[in-house]
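Descriptive analysis of the structure
Next come the chains, spelled out residue by residue.
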Amino acid sequence: DVKVTQSSRYLVKRTGEKVFLECVQDMDHENMFWYRQDPGLGLRLIYFSYDVKMKEKGDIPEGYSVSREKKERFSLILESASTNQTSMYLCASSSSLPGQGREKLFFGSGTQLSVL
Amino acid sequence: AQSVTQLGSHVSVSEGALVLLRCNYSSSVPPYLFWYVQYPNQGLQLLLKYTSAATLVKGINGFEAEFKKSETSFHLTKPSAHMSDAAEYFCAVTYSNDYKLSFGAGTTVTVRA
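Residues numbered from 1 in each chain as written. Chains lettered and ligands numbered in written order. Predicted model: local features only at pLDDT ≥ 70, side-chain atom pairs only at ≥ 80, totals over all residues. Heavy atoms only, no water.

Some details on the packing of aromatic side chains
Under the counting rule described, the total for this entry stands at 16 aromatic pairs over all chains. Judged by centre distance (6.3 Å) and plane angle (75 degrees), the rings of F107(A) and F103(B) are edge-to-face. Of this pair, F107(A) sits in strand β10 (residues 106–107) while F103(B) is found in strand β10 (residues 102–103), placing the two residues in two different chains. Taken as a pair, F107(A) and F103(B) share a single burial class, namely buried. (Phe/Tyr/Trp six-rings, centres within 6.5 Å; stacked < 30°, edge-to-face > 60°. Helix = DSSP H or I, 4+ residues; strand = E, 2+ residues; numbered from the N terminus. Buried < 20%, exposed > 50% of the residue type's maximum accessible area, 1.4 Å probe, protein only.)

Side note on the pattern of salt bridges
Residue and element names in this part refer to chain A. By the definition in use, this model includes 10 salt bridges over all chains. The closest approach of N and O atoms between K18 and E79, which form a salt bridge, is 3.5 Å. Remark: E79 occurs in the loop between β8 (73–78) and β9 (87–94) and K18 occurs in the loop between β2 (10–13) and β3 (19–25); sequence separation between them is 61 residues. Judged by its relative accessible area of 45%, K18 falls in the partly exposed class. Accessibility expressed as a relative area gives 44% for E79, which makes it partly exposed. A single salt-bridge network, built from bridges that share partners, covers D28, E30 and K71. (Salt bridge = Lys/Arg side-chain N within 4 Å of Asp/Glu carboxyl O.)

With respect to the nonpolar core
All names here are of chain B. Judged by nonpolar contacts, the single largest core of 28 residues is most densely connected at W35, L48, F74, L76 and Y89. At the level of secondary structure, the elements contributing two or more residues to this core comprise β2 (10–14), β3 (19–26), β4 (32–38), β5 (44–50), β7 (64–68), β8 (73–78), β9 (87–94) and β11 (107–112). With sequence-adjacent residues up to four places away left out, Y89 is seen in contact with Q6, L21, W35, Y36, V37, L47, F63, L76, G106, T107 and V109. (Core = buried A, V, L, I, M, F, W, Y, C linked by side-chain atoms within 4.5 Å. Contact = heavy atoms within 4.5 Å.)

Overview of the interface of chain B and chain A
Taken together, the contacts link 24 residues of chain B with 27 residues of chain A. Summing the contributions of chain B and of chain A, the shared interface buries around 1900 Å²; its carbon and sulfur component is 54%. Ranking the residues of chain B by area buried against chain A places L44(B), Y99(B) and F103(B) at the top, with a combined share of 30%. For the pair chain B and chain A, the interface holds 1 salt bridge. A salt bridge links D59(A) to K100(B); the shortest N-O distance between them is 2.9 Å. The interface formed by chain B and chain A contains 8 residue pairs in polar contact (both at pLDDT 80 or more). Taken together, the elements giving at least two residues each to the side of chain B that touches chain A come down to β4, β5 and β9 of chain B. Sort the elements by how many residues they give to the side of chain B that touches chain A and β4(B) lands first, with 4 residues. (Buried area = accessible area lost by both parts, 1.4 Å probe. Polar contact = N/O pair within 3.5 Å; in protein donor to acceptor, adjacent residues only side chain to side chain.)

Section: the sheet that holds strand β1 (residues 3–7) of chain B
Residues and elements named next belong to chain B. The 5 strands are arranged β1-β3-β8-β7-β6 in an open sheet whose pairing can be described as antiparallel. In this open sheet, the two strands that pair with only one neighbour each are β1 and β6 (56–58). Taken pair by pair, the neighbouring strands of this sheet meet at an average axis angle of 20 degrees, ignoring direction. Looking at chain direction, β7 and β8 are connected through 5 bridges and run antiparallel. Pairing of K68 across the sheet is with S73, part of β8. (Pairing = 2+ DSSP bridges. Axes fitted to C-alpha atoms, helices over the stretch in contact; angles between N-to-C directions.)

Brief notes about the state of the cysteines
This model, assessed by the stated rule, comprises 2 disulfides over all chains. Note that C23(A) is cross-linked by a disulfide to C91(A), the S-S spacing being 1.9 Å. Taking the sign of the torsion about the S-S bond as the criterion, the disulfide between C23(A) and C91(A), at about -80 degrees, is left-handed. Residue C23(A) is located in strand β3, and its partner C91(A) is located in strand β9; the two are separated by 68 residues in the primary sequence. Judged by its relative accessible area of 0%, C23(A) is buried. The disulfide bridge from C23(B) ends at C91(B), spanning 1.9 Å between sulfur atoms. One quick way to see it: the torsion about the S-S bond of C23(B) and C91(B) is about -65 degrees, and its sign makes the bridge left-handed. (Disulfide = S-S within 2.5 Å.)

As for unusual backbone geometry
With a phi angle near 60 degrees, D28(A) is a residue other than glycine that sits in the positive phi range. We note that N61(B) has phi near 60 degrees; this positive angle belongs to a residue other than glycine. Turning to its location among the elements, N61(B) is positioned in the loop between β6 and β7. For N61(B), a relative accessible area of 44% corresponds to the partly exposed category.

What is shown is where atoms sit, not what they do.
Here's what the structure looks like:
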């Protein structure tokens, strides 16, 4: 089975801190995604990467950046954490784009980030 | 903009009763539609998908969904609920060769014994 591993299940940070959320997948997938999940809003795409060092902005990229130096690892960076970034963050990977209809997204278990 | 609307943020059903979760999409081009399920403290798992083949799609765990173009709907059903079906369910939409998968707000299902 494909495994998508997020480094922390729970994280507590203070406002203004630089925060790194790490995601690793073990199936050699080209595509990786970062979503945030908020009650009543579902999942919203933050960033997408289709190859090493390549990225595309999603629907809510403001306040976030990403890094993909190796194919298996996709990092989400909060340069200066704010309280409105308190949320559940989900990483996903896939061998094909959602719009190619061939492959599903594989999700990690999520990181619940609290910014105080 | 592509979007899906899930009607009802919470659904409560008795064990053995029909589960019906509603999803409507808005677009003028043919969509690809998905249902994902999230069990407590887990990531999302794909239940089923519609990608322009058969309009009635069967998924895992006894779930199925029917694509109705005339109603712009993709409702999820299961004839007989089980306690293990308690979870949050998300409808999602994308389009041919797009990288964005847009999710609905989610519907939480509770199953009463």
